[in-house]
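So the chains spell out like this:
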Amino acid sequence: MRLRSKLVCFVGIPVAVIFTALIVLDSVALRGIASSQASERATLLAERTAQVLNSELATVAGAADTLATVLSKGNVDFLSLRDIGSELVHRLPLVAGVVFGFDAKIEGIPRAGYIFLHNGELLYDDIASKYDIEADSPWYRPSMKPGPGFWTAPFHGEVFGGDIVSYSTRFQSSAGIDGFVVLDVPLEALFSQLKVAGFRDVHPSIVTQDGKVIQTPWVTHDGKASTGKPDVSTHVIRTANMPAVNWTFKAAIGRDEVFAPVQRQLLINGILLAAGGVIVLCILLLTGLRFSRRIEQLSSGVASVSAGELDVAVNIPGHDEVGRLAIDFNTMTAKLRETVHQVAKEVSRRTAVERDLSVAREIQQSMLPRVFPPFPERPELDLHAILQPADHVAGDFYDYWLNGDTLTLLIADVSGHGIAASLVMAMARRRLRDAAASGSDLQGMVHAADAAIAENNERQMFITAIVLQLNICTGAFQLINAGHPEALLVQGNTIGREGLPTGPLLGVIPDPCWDIRSGQLHPDEAIVLYTDGITEAMNAHGDLLDTAGLEAALHTGTAHDLCTQALIRAETFQSGDQVDDLTVVALRWLGPA
């Protein structure tokens, strides 16, 4: 048998069989991987849309709750309500109307004043004079009941002139009259957010907590609009939770559009593999004998590179394919040497960055008091604190100092975490200490920190905090809660809650005002402060630990025991990596010396 025939039988046919098998195996493997990736992409885009909408609705609810808290602390007058409502409508894109209402008449103030945007014009009306709000408004009766704010199902706003959903929350004015704040969100504004980027055949909708469906007309793959239900055989259904409003976002995406990239990729891969097989087969058949010796020389060079000898060079004369391949091989080894050098430099730079971040963490940790017990000469106190950052550096912080018989204790949480949050933390901590050293009272310290954060706050960062002062001789304490999770009082086997915030977040609004709350610790009673990283620890089912879960973990013990119980509960409850800083401070008063 001639050598050419041998090449065909022993080289050509096996190569053809191998590449055919590779095409089949590659198609099977890629189909599963690409299908999974396409499905994940659809899920990710649906979740991203839900997260954006959830965040905006949470902002609306947070604005209403904050406004209700502010109104419950100060006098209410007609002009102020109109100005506040106008400001909210202009500042919050989703909000088109604000209701300030009361369950009784207040002289000079409409019972249900409504500031709303209609056809681009800001209007005002007293809806209580238009219709019976007690009977016709879906938010009135629930607003008058104790409890947190709530979202209504979609309804038609008679004065607004369109379909809306509303967030309602109650407050009590300084005159002792119950009131409510209602923020209207037009369905048209929600419709503008119901978009899943990257797809044309998509049907987005929202399902409220009571089963009501908010949806927009959708466009099918043939370009026709429809308001019916998508066929699950032709669409991929993806859902995502919106925890801020307890709604569900649902997106039906055309199956053909989701998996079209998979089919294209499989076709391209098959063509590329088949073309590669043909090219390889031709090269082997046409050049096998003629260039075998030079190929062996080139193979020897490849083996040297595989062994780590990057300085090897192959000298093969000629200007044919093998000659050019030798030139490319030499060029490749030169670039490989350069790449290895660049990789080594990059590794060195990353190592330096990691080292700098470690130094930053050490510096930040050194700023926080870590010696416990902190005041061994004062047997009245049992104090302990734990801070576990989610990143190299934390946005949480705590501090305490003793001035005579007064212990000042604080805990705070900067929005976000990382380097930016740690810098804001250091600045706020310094201002608090400086204000205390200059003789400022509790209000003065908090105002100093608020002014420091608000100044040049281009990143729109803010801080939640509790600042507490305890008379260690009597157990009496005072505190200011600036939008922070409420403290827990450990009284034997009973866990109590100290109370809601006494004022707004730090760095959010101009000229803020905080109330001072007073309390009394009895011997062996403790107060536990913590950041929301503890109560917002999330398990694999998406459930939060919340305050009740933290209370269940706390038992009578030392301050160190209480801190350890809270931290272990959060760590064991959450699934996956830690996403937020975990900080807890426990102060136990042992009674007068």
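Just above sits the structure.
Each residue is numbered by its place in its chain's sequence as written, counting from 1. Restriction of local features to residues with pLDDT of at least 70 applies here, the model being predicted, together with a cutoff of 80 or more for giving and counting side-chain atom pairs; totals for whole chains, interfaces and linings are based on all residues. In computing side-chain values, all of the structure's heavy atoms are included and hydrogens and water are not.

## What about unusual backbone geometry?
Convention followed: What counts as a helix is a DSSP run of H or I of at least four residues, what counts as a strand is a run of E of at least two, and both are numbered from the N terminus. To sort residues, take the accessible area from a 1.4 Å probe on protein chains only and compare it with the maximum for the residue type: under 20% means buried, over 50% means exposed, and anything in between is partly exposed.
A cis geometry characterises the amide bond from F372 onward to P373, with omega recorded as 0°. In this fold, P373 is placed in the loop between helix 8 (321-367) and strand 14 (381-388). Phi angles above zero are rare outside glycine, and D511 is one such case at about 50°. Summarising the element assignment, D511 is placed in the loop between strand 20 (494-497) and strand 21 (517-520). Classification of D511 as exposed rests on a relative accessible area of 76%.

## Observations regarding the pattern of salt bridges
Between side chains of opposite charge, a pair can form when the charged atoms approach closely. The condition is simple: Take a side-chain nitrogen of Lys or Arg and a carboxyl oxygen of Asp or Glu: if they are within 4 Å of each other, that pair is a salt bridge.
Taken as a whole and judged by the stated rule, the model has 11 salt bridges. Between D382 and R588 there is a salt bridge, with its nearest N and O atoms 3.2 Å apart. With D382 in strand 14 and R588 in strand 23 (residues 582-589), this residue pair connects regions lying 206 residues apart in the sequence. Each member of the pair D382 and R588 is classed as buried. Across the pair R429 and D399 runs a salt bridge, and its minimum N-O distance is 3.1 Å. Remark: D399 occurs in strand 15 (residues 396-403) and R429 occurs in helix 9 (residues 419-437); sequence separation between them is 30 residues. The burial state of R429 is the same as that of D399; both residues are buried.

## As for the sheet that holds strand 23
Within a beta sheet, neighbouring strands are joined by backbone hydrogen bonds and run either parallel or antiparallel to one another. Formally: Only strands joined by at least two bridges in the DSSP assignment are considered to pair. Helix axes are fitted to C-alpha atoms over the stretch in contact, other axes to C-alpha atoms as well, and angles between N-to-C directions run from 0 to 180 degrees. Only heavy atoms enter the contact rule, under which two residues are in contact if any of them lie within 4.5 Å.
Pairing is antiparallel across the open sheet formed by 5 strands, whose spatial order is 14-23-22-19-20. Because the sheet does not close on itself, it has two edges, and the strands there are strand 14 and strand 20. Ignoring strand direction, the axes of neighbouring strands in this sheet form an average angle of 20°. Bridge count for strand 22 (residues 525-530) against strand 23 is 6 bridges, and the pairing is antiparallel. Along strand 23, the bridge assignment pairs V528 with A586. Helix 13 (residues 559-573) rests against strand 14, strand 19 (488-491), strand 22 and strand 23 of the sheet, and its axis sits at about 25° to strand 14.

## Quick notes on the pairing of strand 22
Most of strand 22 is tucked away, with 6 of its 6 residues classed as buried. Neither face of strand 22 is left uncovered, since the one carrying E525, I527 and L529 and the one carrying A526, V528 and Y530 both have all their residues buried. Where strand 19 meets strand 22, 3 bridges bridge the pair, whose relative direction is antiparallel. Among the inter-strand pairings, L488 is bridged to a residue of strand 22, identified as V528.

## Some thoughts on the nonpolar core
Filter applied, for reference: Put simply, a nonpolar core is a bunch of buried Ala, Val, Leu, Ile, Met, Phe, Trp, Tyr and Cys residues held in one set by side-chain atoms that sit within 4.5 Å of each other.
I463, L470, L506 and L587 are the most contacted members of the largest nonpolar core, which totals 50 residues. If near-sequence neighbours (up to four positions away) are discounted, L470 is found in contact with L381, D405, T406, L407, G475, A476, F477, L521, L587 and W589. Core analysis: the second largest hydrophobic core is formed by 44 residues, L67, V165, V181 and L187 among them.

## Comments concerning the pairing of strand 23
Counting buried positions along strand 23 gives 8 out of 8 residues, so the element sits mostly inside the fold. On strand 23, burial covers both faces: L582, V584, A586 and R588 on one face and T583, V585, L587 and W589 on the other are all buried.

## So, the packing of helix 9 against helix 10 (residues 442-454)
Definition in use: In this scheme, a crossing is called left-handed if the near helix is turned counterclockwise away from the far one by less than a right angle; it is called right-handed if the turn is clockwise. Nonpolar residues are Ala, Val, Leu, Ile, Met, Phe, Trp, Tyr, Cys and Pro. Charged residues are Asp, Glu, Lys and Arg, and all others, Gly as well, are polar.
Two elements in contact, helix 9 and helix 10, have axes separated by 8 Å at closest approach and are oriented at 145°. The way helix 9 lies across helix 10 gives a crossing that is right-handed. Across the interface between the two elements, M427, A428, R431, L432, A435 and A436 from helix 9 touch G444, M445, V446, A448, A449, A452 and I453 from helix 10. Grouping the amino acids of the contact of helix 9 with helix 10 by side-chain chemistry returns 11 nonpolar, 1 polar and 1 charged.

## What to know about the sheet that holds strand 16 (residues 406-414)
What the 5 strands build is an open sheet, ordered 15-16-17-18-21; its pairing is antiparallel. In the strand order of this sheet, the two ends are held by strand 15 and strand 21, each with one partner. Across the sheet, the mean angle separating the axes of adjacent strands is 15° when strand polarity is ignored. Summarising the sheet, strand 15 and strand 16 pair through 8 bridges and their orientation is antiparallel.

## Some details on the packing of aromatic side chains
Put simply, the test is: Classification of ring pairs rests on two measures: the distance between centres of Phe, Tyr or Trp rings, Trp counted by its six-membered ring, which must be within 6.5 Å, and the angle between planes, read as stacked under 30 degrees, edge-to-face over 60 and tilted in between. By the criterion adopted, a ring carries a charge over it if an Arg CZ or a Lys NZ lies within 6 Å of its centre and within 35 degrees of its normal.
Inspection of every chain in the model, using the stated rule, returns 6 aromatic pairs. Geometrically, the ring pair formed by F375 and Y400 is edge-to-face, given 5.9 Å between the ring centres and 75° between the ring planes. Here Y400 lies in strand 15 and F375 lies in the loop between helix 8 and strand 14, a separation of 25 residues in the sequence. Taken as a pair, F375 and Y400 share a single burial class, namely buried. Ring pairing ties together the aromatic residues W151, Y167 and W247, which thus form one cluster. The ring centre of Y124 lies 4.2 Å from the NZ or CZ of R82, which sits over that ring.

## Looking at helix 12 (residues 546-553)
The condition that has to hold: For the purposes of these results, a polar contact is taken to be a pair of N or O atoms within 3.5 Å, where, inside protein, one atom must be able to donate a hydrogen and its partner to accept one; residues adjacent in sequence count only when each atom of the pair is a side-chain atom.
Buried residues of helix 12: T547, G549, L550, E551 and A553, and no others. Buried-residue contacts for helix 12 involve strand 19, strand 20, strand 22, helix 11 (532-535) and helix 13. One side-chain oxygen of the residue at the start of helix 12 lies 3.0 Å from the amide nitrogen of A548, identifying that residue as D546.

## Concerning the side chain of T531
Along the chain, T531 falls in the loop between strand 22 and helix 11. The class of T531 is buried, set by a relative accessible area of 0%. There is a polar contact of 2.8 Å between the side chain of T531 and the side chain of D396. In this view, T531 contacts D396, I411, A412, D413, H484, P485, D581, L582 and T583; residues no more than four positions away in its chain are not counted.

## Some remarks on a nonpolar patch on the surface
We count it as follows: Residues enter a patch when their relative accessible area is above 30% and they make no salt bridge; the linking distance is 9 Å between like charges and 5 Å between nonpolar side chains (Val, Leu, Ile, Met, Phe, Trp, Tyr). The accessible surface values rely on the Shrake-Rupley method and a 1.4 Å probe; as for residues, cover is taken only from the protein chains in view.
Among the surface-exposed residues, V70, F462, V508 and I509 lie close enough to one another that they form a single nonpolar patch of about 290 Å² accessible area. With respect to the helices and strands, F462 occurs in the loop between helix 10 and strand 17 (463-471).

## A word on helix 10
Our working definition: Here, expected helix span is obtained from the residue count minus one, scaled by 1.5 Å. The arc refers to the directions leading from the helix axis to the C-beta atoms.
Its 13 residues give helix 10 an end-to-end C-alpha distance of 19 Å, which sits within 8% of 18 Å, the value for a rise of 1.5 Å per residue. The set of residues buried in helix 10 consists of L442, M445, V446, A449, D450, A452 and I453. Seen along its axis, helix 10 keeps its buried residues to an arc of 160°; they face one direction. In this structure, the buried side of helix 10 is in contact with strand 15, strand 16, helix 9, strand 17 and strand 18 (476-482).

As far as function goes, none of this settles anything; it's purely spatial.
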